[in-house]
Amino acid sequence: MSRPTTGGFTKTEGWLDWFEAPSRPRFVLPPGAVDAHCHVFGPGAEFPYAPERKYTPCDAGKAELFALRDHLGFARHVIVQATCHGADNRALVDACVSSGGRARGVATVRRSVTEAELLALHAAGVRGVRFNFVKRLVDFTPRDELMEIASRIAPLGWHVVVYFEAQDLPELWDFFTALPTTVVVDHMGRPDVSQPVDGPQFGLFLRLLREHPTIWSKVSCPERLSVGGPPALPGRLAAGEVPYADVVPFARRIVEEFPDRVLWGTDWPHPNLKHHMPDDGLLVDFIPHIAPTPQLQRKLLVDNPMRLYWPEVAC
Ligand code: 0GY
């Protein structure tokens, strides 16, 4: 079914809307689980998309996000500013404020942001900023501007979320390791999962985590990273089928070696997927394959995100 983008915005051609009726996961999430990476898009009529955006998504507002949270069984979520909203965080702030304390945010800000604006974002629930280095999504921002922003948000206790592609890690290494905050890497630094898990590309990312205990990783987005593609049948798994099996060794390696520095998220509403839209219920069923014990699941889904986003709440 088509959900046209509103507010005079037309979706990017070929845009895939989110999965209409996600299955109920077989994996039962631990109480208090956090979806630590999701987005809101607009709606464009209320929260216009940024002029500098590289794509125009379908509208995907807070009501649909909250419904998905409840359907999948999450207690809380972390809403990450998507590039289609640039540094206009109003949709994210509105969702956080409307969530009754169940959402935190990761914003995008420019060098021109004022102290009062940062404090207002904090009051709304923002706990981090996102620096995006994926060239198809953003124009280049000078590193000194990003470093200045990082030094200004550090006293608030915020962290920096970084999004980049694996081939760019060598060039970004010195910048990441100089950041004065905790650094959270989106989607495992986007490894090429057709390369060996013990190969040099993923090895470099593991080395980054080993040598820098302030760097964390989201073990998210198997649907984006998989070369093998989605499960054969929409909405259910065949007997013994592992969803996005080719991504499992990568994510599991990180979870097992760095259990206290990993986060997981749905990435709903899944921007820029060209070939298939994942069933979010099956994405949840990916979790026990990468975090095979209740202890690892609890760290990944509850303890770690709570420490980073809700430190004031005792788990
Ligand atoms: C993601 C991935 C993507 C997009 C964005 O902010 C964004 O536009 O993050 C992508 O296209 O790979 O995490 O949502």
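Considerations on the overall build of the chain
Okay, step 1: Helices and strands together make up the secondary structure of the chain, namely eleven helices and eight strands.
Okay, step 2: Expected size for 315 residues packed as a compact globule is a radius of gyration near 20 Å; at 18 Å, the chain falls within 12% of this value.
Okay, step 3: Dimensions along the principal axes, computed over C-alpha positions, put the chain at roughly 55 × 45 × 40 Å.
Okay, step 4: Looking at the chain as a whole, 57% of its 315 residues are labelled buried.
Okay, step 5: As displayed, the chain offers around 12,700 Å² of accessible surface, 56% of which is attributable to carbon and sulfur atoms.
Okay, step 6: Of the charged side chains in the chain, 33 are positive and 37 negative, and the gap between their average positions amounts to 3 Å.

What to know about the site of the ligand
Okay, step 1: Lining the immediate environment of the ligand, one finds 16 residues, of which H39, Y55, T83, Y163 and H187 sit closest.
Okay, step 2: Residue T83 places a side-chain N or O atom 2.6 Å away from an oxygen atom belonging to the ligand.
Okay, step 3: One of the side-chain N or O atoms of N272 is found 2.8 Å from an oxygen atom in the ligand.
Okay, step 4: Contact with the protein chains hides 100% of the accessible area of the ligand, taken as 340 Å² for the molecule alone.
Okay, step 5: The class makeup of the residues in the shell around the ligand is five nonpolar, six polar and five charged.

Regarding the sheet that holds strand β7 (residues 215–218)
Okay, step 1: Read from one edge of the open sheet, eight strands run β1-β2-β3-β4-β5-β6-β7-β8, paired in parallel fashion. Where the open sheet ends on each side, the last strands, each with one partner, are β1 (34–38) and β8 (262–263).
Okay, step 2: Note that strand β5 (residues 159–163) and strand β6 (residues 183–185) share three bridges and pair parallel. Within β6, the position partnered with V161 by the bridge is V184.

Examining helix α4 (residues 143–153)
Okay, step 1: Here α4 has its buried residues at E145, L146, I149, A150 and I153. Buried residues of α4, viewed axially, fall in a sector of 140 degrees; they line one side.
Okay, step 2: Those residues of α4 that are buried lie in contact with α3 (115–124), β4 (126–132), β5 and α5 (169–178).

Quick notes on helix α8 (residues 248–257)
One turn of the α-helix equals 3.6 residues, which is why residues spaced by three or four share an orientation.
Okay, step 1: Buried within α8 we find V248, F250, A251, I254 and V255.
Okay, step 2: Among the structural elements, α6 (200–211), β7, β8, α10 (287–290) and α11 (294–309) are those in contact with the buried residues of α8.

Concerning the nonpolar core
Okay, step 1: Residues F131, F205, V219, I254, W264 and L301 are the most contacted members of the largest nonpolar core, which totals 99 residues.
Okay, step 2: Of all the elements, α11 adds the most residues to this core, at seven residues.
Okay, step 3: In this structure, F131 is in contact with L146, I149, A150, V160, V161, V162, Y163, F175 and L179, ignoring residues within four places of it in sequence.

Points about the environment of V284
Okay, step 1: Among the secondary structure elements, V284 is positioned in helix α9 (residues 280–284).
Okay, step 2: Once the C-alpha coordinates of V284 and G265 are considered, the two residues, 19 residues apart in sequence, prove to be 8.9 Å apart.
Okay, step 3: Each residue touching V284, except ones within four places of it in the same chain, is listed here: P25, F27, L29, L72, F74 and W264.

Focus: the pairing of strand β2 (residues 76–80)
Okay, step 1: Where burial is concerned, most of β2 is hidden: five out of the five residues are buried.
Okay, step 2: Going residue by residue along β2, you find R76, V78 and V80 tucked away on one face and H77 and I79 tucked away on the opposite face as well.
Okay, step 3: Relative to β2, β1 runs parallel, the two being bridged by three bridges. Considered in β2, the bridge of D35 is made with H77.

Thresholds, definitions, all that
Residues numbered from 1 in each chain as written. Predicted model: local features only at pLDDT ≥ 70, side-chain atom pairs only at ≥ 80, totals over all residues. Heavy atoms only, no water. Helix = DSSP H or I, 4+ residues; strand = E, 2+ residues; numbered from the N terminus. Rg over C-alpha atoms; globule rule 2.2 N^0.38 Å. Buried < 20%, exposed > 50% of the residue type's maximum accessible area, 1.4 Å probe, protein only. Areas by Shrake-Rupley, 256 points an atom, 1.4 Å probe, with all protein chains shown as cover. Lys, Arg positive; Asp, Glu negative; His and termini not counted. Charge placed at Lys NZ, Arg CZ, Asp CG, Glu CD. Near = heavy atom within 4 Å. Polar contact = N/O pair within 3.5 Å; in protein donor to acceptor, adjacent residues only side chain to side chain. Nonpolar A, V, L, I, M, F, W, Y, C, P; charged D, E, K, R; others polar. Pairing = 2+ DSSP bridges. Arc of directions from axis to C-beta. Contact = heavy atoms within 4.5 Å. Core = buried A, V, L, I, M, F, W, Y, C linked by side-chain atoms within 4.5 Å.

So far we have only geometry, and geometry alone does not tell us how the molecule works.
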